[in-house]
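If you want the building blocks of each chain, they are given just below.
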Amino acid sequence: MTTNGQSTSSEFREAVVSDHDTLKYHLLGPSLTKAGQDTVDQQKVSEIIYNASKGSKYFNNEEYKDKNLTQKIEKILARKRQLERVDLASDLRRADEYIAELELSRDLSQTVVHIDCDAFYAAVEELDRPELKHVPMAVGKGVLTTCNYHARKFGCRSGMAGFVAMKLCPDLICLPLNFEKYTAKAQEVREILVEYDPRFESASIDEAYLNITQYCEEKHMDPEDAVSQLRDEVAERTKITISAGIAANAKIAKIASNRNKPNGQFKVANDRTTILAFMRDLPTRKVNGVGRVFERELDAVGVKTCGDLYSQRAYLSKLFGEKAFQFLMQCHLGLGRTKVQPAEEYERKSVGTESTFHDMSDKTELREKLRWIAEELEKDLTRTQFKGRTLVLKVKLHTYEVLTRQVVPPKAVRTADDLYTYSLPMLAKHEKEIPGMKLRLMGLRCTHLVSTKKSGIDFFGMRQPSAVDGEPSLINTKVDNDGEWEIWPEAEFEEAARQERQDEMNELEQLSQEQDMNGSEPLTAEEQLEEANRRHKHGREILPNPDPTYRGPNSSVGFQKPATNHVAPAKEEPFWPCPICARPQSTNDKDFNDHIDFCLSKQTIKEAARDTSPSPPALEKPVLDGRGKENGHSSGNGRGRPKGKRKSEAVGERGNKRLFFGVQGA
Ligand code: TTP
Ligand code: MG
């Protein structure tokens, strides 16, 4: 309890777990850990949400999901009890060997920074309407996407239905979304980031990772001073504030950037003892990749903090799967990737688009909608230069049940005509199976991508692994030169947690819509649709990094700051990419060679570590998996970690449907 008798989120968590009142905790929504809520009485907030949503379809759905999760946790606990009766000496040994192997890979030589804009959409809106700086304000009406820090003091936060937020703060001003404005402001921020790390990595519209090791070396600057300077520059040039975390790797930097929000920074020193101490007391939920469901599952087996993971190390693999075990051990040790690279260089697994609309059942209208989505997808595929070997149709019924079907066309598809032709039978099949089918969302996605890029010759004259002579070729799973992908499974967990959050935001739509039907300040139908469609873009639309060599009329972007203001450097290659880590290096021969030696030695150490420590055995199928992510009713819905591989993608029970059929034989 705080001194004023209120319960903060962690205290409330303790209380609800002992009361078994997990639903109330669940209803607090996906943004419970957001900054600016330290003084909020979460128990009171929970009562308000509970009473405001009780009896709604949304509430029933949440209750259903919560019960399922409780049952699933009971199974985990039963399994744990079983394991406690058997000899786990070999699992313990294996866990310890893995920890030893991880320790050998610890790299404390890099400085990674995570920056995140403060109350981003709200801050951008406040630039146009400065009077809103001093009053509680939110962006989004049906579901809030964010609030300024005044509103957060009342318990308002992103991922909360607008009418619930109004109950917490009746004076709250809610503005509609203006995505174009936020994208433009994000680009202004990125033009500054590129000066500190030309290969910075955008992680969502308002956050990015930078590796500033080289910057600090070149400028002879202390990382904290460099970051402070970066933040000042952003504030001065863009008029919005950012917060930053500075650490040895991306995982810790991200956690640290939330510590001194808003407009602050926090550093976790690059030494093992400090890092282990930092992780020891850190609640698991603070780690990017541990979502709400995973947090509860871990909590059930006695893991509240990353420090608690150690005592459970022998069980984790058997309870949650090998990948989760590896991820959690890395969390415990405070290990993470040090490599930062432009977002567009990550391998894309799928390209898709979806659209929310008013309940639609007319067959002609549904076909027109499908055609429109196919045309949108063609644009996305053209922009990203992919074709898809597999085509997935997703529909959301008016009951909010989500169904997906997929097909493997006889050739990889890209054009709207093909996308439409091959998805239409899937739609027709749904219509046949569900008489009177009414949809509120339709989406198309291409997976098993094939690059349509022309082949390129890289810096060392080697062919890029894309198309050969214009013919499409399957993209290979990318393994970095230094093998970091294999070591760090965190990206998958982070993506799963992001998806969990997105799913929860979508479910809240249902609540806000139901409320509208009850007649309290309804959004117009157009506003609702606009909001839903725009929100789906969150975190997905990442533009390529600004060109560090470009200096437009209003831009001061450059790889190296010119000595005088009027010099606009010619468009030339000012750096050479390192063939090992791909980061830009000085074109001075000696510096370049020294850097390669350094990278090679890092690689050698990693290989030695792998050779001397036996790797954990091959991945085993998680004992308890089965996230029915696409489905509003499945027990694992919203699970905050990657789903285990399915043996079959075939028809499951209703409510857990993932259908598959070929073009012929459907
Ligand atoms: P966040 O960085 O998560 O939040 P924030 O910048 O508003 O607040 P903080 O100071 O805590 O960082 O997200 C950035 C923007 O993305 C946010 O302003 C609104 C939008 N957003 C969504 O559209 N959907 C979401 O689920 C979330 C969390 C954010
Ligand atoms: Mg932010």
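If you're wondering where the values come from, they're calculated on a predicted model, not measured in any experiment.

Enquirer: For the sheet that holds strand E2 (residues 137-139), give the residues involved together with the corresponding values.
Expert: Within the open sheet, the three strands sit side by side as E3-E2-E4. Their pairing is mixed. Among the strands making up the open sheet, the edge pair consists of strand E3 (146-147) and strand E4 (173-175). Examined bridge by bridge, E2 and E4 share three bridges and lie parallel to one another. Counterpart to Val-139 in the pairing with E4 is Leu-175.

Enquirer: If you had to explain the coordination of the magnesium ion (ligand 2) to someone new, which residues and values would you point to?
Expert: The coordination sphere of the magnesium ion (ligand 2) contains the protein donors Asp-116 (OD), Cys-117 (O) and Asp-206 (OD), at a distance range of 1.9 to 2.2 Å. Metal-centred angles of 81 to 176° between the six donor atoms at the magnesium ion (ligand 2) mark the site as octahedral.

Enquirer: Could you give me a rundown of the environment of Gln-330, with the residues and numbers involved?
Expert: With respect to the helices and strands, Gln-330 occurs in helix H16 (residues 322-333). Sequence separation of Gln-330 and Leu-102 is 228 residues, and the distance between their C-alpha atoms is 7.5 Å.

Enquirer: Which residues make up the packing of helix H4 (residues 57-84) against helix H14 (residues 292-300), and what values do they have?
Expert: Between H4 and H14, the shortest axis-to-axis distance is 10 Å and the interhelical angle comes to 40°. For the element pair H4 and H14, the recorded crossing hand is right-handed. Where H4 approaches H14, its residues Asp-66, Leu-69, Thr-70, Lys-72, Ile-73, Ile-76 and Leu-77 are matched on the opposing element by Val-293, Arg-296, Glu-297 and Ala-300. Considered class by class, the residues forming the contact of H4 with H14 number six nonpolar, one polar and four charged.

Enquirer: Let's hear about the pairing of strand E1 (residues 112-117): which residues, and what values?
Expert: With six of six residues buried, E1 is to be regarded as a mostly interior element. Along E1, one buried face is formed by Val-112, His-114 and Asp-116 and the opposite face, lined by Val-113, Ile-115 and Cys-117, is buried too. Pairing geometry for E1 and strand E7 (residues 242-247), over six bridges, is antiparallel. Note that in E7 the partner of Val-113 across the bridge is Ile-246.

Enquirer: How would you summarise helix H15 (residues 313-320) if you had to cite specific residues and measurements?
Expert: Taken across its eight residues, H15 has seven buried, putting it largely inside the fold. Within H15 the residues assigned to the buried category are Arg-313, Ala-314, Tyr-315, Leu-316, Ser-317, Leu-319 and Phe-320. In the stretch just after H15, Gly-321 is the one whose phi turns positive, near 100°.

Enquirer: Which residues make up the packing of aromatic side chains, and what values go with them?
Expert: Per the stated rule, a full pass over the model turns up nine aromatic pairs. An angle of 80° between the planes, with centres 5.3 Å apart, marks the rings of Tyr-50 and Phe-59 as edge-to-face. With relative accessibility at 18%, the residue Tyr-50 sits in the buried group. Residue class for Phe-59 comes out buried when judged on its relative accessible area of 3%. Through a chain of ring-to-ring contacts, three or more aromatic side chains come together here, namely Phe-120, Tyr-121, Phe-179 and Tyr-182. Sitting over the ring of Tyr-315, Lys-80 keeps its end group 4.9 Å from the ring centre. The residue whose ring lies beneath Arg-337 is Tyr-209, and the NZ or CZ to ring-centre distance is 5.1 Å.

Enquirer: Describe the nonpolar core, listing the residues and the values that go with them.
Expert: One finds Met-279, Val-287, Phe-294, Leu-298, Leu-309, Phe-320 and Met-329 to be the most contacted residues of the largest nonpolar core, which totals 44 residues. The set of elements that each furnish at least two residues to this core consists of H4, helix H5 (89-104), helix H12 (250-257), helix H13 (272-280), H14, H15 and H16. A total of seven residues in this core trace back to one element, the largest contributor, which is H16. Beyond its immediate stretch of four places on either side in the chain, Leu-298 contacts Thr-284, Val-290, Val-303, Leu-309, Phe-320 and Leu-328. Residues Ala-186, Leu-210, Ile-212 and Ile-242 belong to the second largest nonpolar core, which totals 39 residues.

Enquirer: Can you break down unusual backbone geometry residue by residue, with the values?
Expert: A cis amide bond links Lys-261 with the next residue in sequence, Pro-262, at an omega value of -10°. In this structure, His-220 is a non-glycine residue whose phi angle is positive, near 50°. With respect to the helices, strands and loops of the structure, His-220 is situated in the loop between helix H10 (213-219) and helix H11 (223-238). You can call His-220 exposed: its relative accessible area is 72%.

How each quantity is defined
Residues numbered from 1 in each chain as written. Chains lettered and ligands numbered in written order. Predicted model: local features only at pLDDT ≥ 70, side-chain atom pairs only at ≥ 80, totals over all residues. Heavy atoms only, no water. Pairing = 2+ DSSP bridges. Helix = DSSP H or I, 4+ residues; strand = E, 2+ residues; numbered from the N terminus. Donors = N, O, S within 2.8 Å, 3.2 Å for Na, K, Ca; no water. Tetrahedral: all angles 85-135°; square planar, octahedral: opposite > 155°, others 65-115°. Axes fitted to C-alpha atoms, helices over the stretch in contact; angles between N-to-C directions. Left-handed = near helix turned anticlockwise from the far one by under 90°. Contact = heavy atoms within 4.5 Å. Nonpolar A, V, L, I, M, F, W, Y, C, P; charged D, E, K, R; others polar. Buried < 20%, exposed > 50% of the residue type's maximum accessible area, 1.4 Å probe, protein only. Phe/Tyr/Trp six-rings, centres within 6.5 Å; stacked < 30°, edge-to-face > 60°. Lys NZ or Arg CZ within 6 Å of the ring centre and 35° of its normal. Core = buried A, V, L, I, M, F, W, Y, C linked by side-chain atoms within 4.5 Å.

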